[in-house]
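So the chains spell out like this:
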Amino acid sequence: MKPYYAKGAVVENNSGYVSLGNTQKLELTEKRDLNALVTAENSMRKQLYEEVARSLKIDPSQVNRIAEIFAKEWQKPTR
């Protein structure tokens, strides 16, 4: 996904998941692949957040709050 981040085609959103950014310069096959990657990444993140909630004995209704906390970290620039 790193090349897509670099192109701005995928972005971190405030809810702890990734979403599509500017995909206008991508070829059709790249867009297809990126959609699949975004879906898979968000699915894995949801599992992560649910597991964090279980391990910390946090009510499942708070999973979105956990995701928002992670979002702040995901959004920090890498060095």
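In this text, all values refer to a predicted model and were calculated from it rather than measured experimentally.

Basis of the calculations
Residues numbered from 1 in each chain as written. Predicted model: local features only at pLDDT ≥ 70, side-chain atom pairs only at ≥ 80, totals over all residues. Heavy atoms only, no water. Helix = DSSP H or I, 4+ residues; strand = E, 2+ residues; numbered from the N terminus. Contact = heavy atoms within 4.5 Å. Salt bridge = Lys/Arg side-chain N within 4 Å of Asp/Glu carboxyl O. Buried < 20%, exposed > 50% of the residue type's maximum accessible area, 1.4 Å probe, protein only. Phe/Tyr/Trp six-rings, centres within 6.5 Å; stacked < 30°, edge-to-face > 60°. Lys NZ or Arg CZ within 6 Å of the ring centre and 35° of its normal.

Chemist: For this particular structure, what's the right way to read the side chain of Thr 23?
Modeler: Structurally, the position occupied by Thr 23 is in the loop between strand 2 (18–20) and helix 2 (28–55). When neighbours within four sequence positions are excluded, Thr 23 is seen to be in contact with Ala 9, Lys 31 and Leu 34.

Chemist: How do you make sense of the pattern of salt bridges when you look at a structure like this?
Modeler: Two side chains with opposite charge may pair up if their charged atoms get near one another. Tallied over the full model, the rule gives 8 salt bridges. For the salt bridge of Arg 32 with Asp 33, the shortest nitrogen-to-oxygen distance reads 3.0 Å. In this structure, Lys 46 and Glu 50 form a salt bridge, with 3.7 Å as the shortest nitrogen-oxygen distance. Taken together, the residues Lys 46 and Glu 50, both in helix 2 and 4 residues apart, mark about one turn of the helix. Lys 46 gets classed as partly exposed once you look at its relative accessible area, which sits at 44%.

Chemist: Is there a simple way to think about unusual backbone geometry in this case?
Modeler: Note: most residues except glycine have negative phi, and most peptide bonds are trans. The phi torsion at Lys 57 lies on the positive side, around 55 degrees, for a residue other than glycine. Topologically, Lys 57 is positioned in the loop between helix 2 and helix 3 (63–74). Its relative accessible area of 75% is what places Lys 57 among the exposed residues.

Chemist: Even after reading the chapter, I still don't get the packing of aromatic side chains, so can you show me in this structure?
Modeler: For any two aromatic rings, the description comes down to two numbers: the centre-to-centre distance and the angle of the planes. A full pass over the atoms with the stated rule returns 3 aromatic pairs. Ring centres 5.2 Å apart and planes at 50 degrees place the aromatic pair Tyr 49 and Phe 70 in the tilted group. Taken together, the positions of Tyr 49 in helix 2 and Phe 70 in helix 3 put the pair 21 residues apart, joining distant regions of the chain. Taken together, a centroid distance of 6.0 Å and an interplanar angle of 35 degrees make the contact between Phe 70 and Trp 74 tilted. Note that Phe 70 and Trp 74 are positioned in helix 3 at a spacing of 4 residues, about one turn of the helix. For the cation-ring pair, Arg 45 lies above Trp 74, with the distance from its terminal atom to the ring centre recorded as 4.4 Å.

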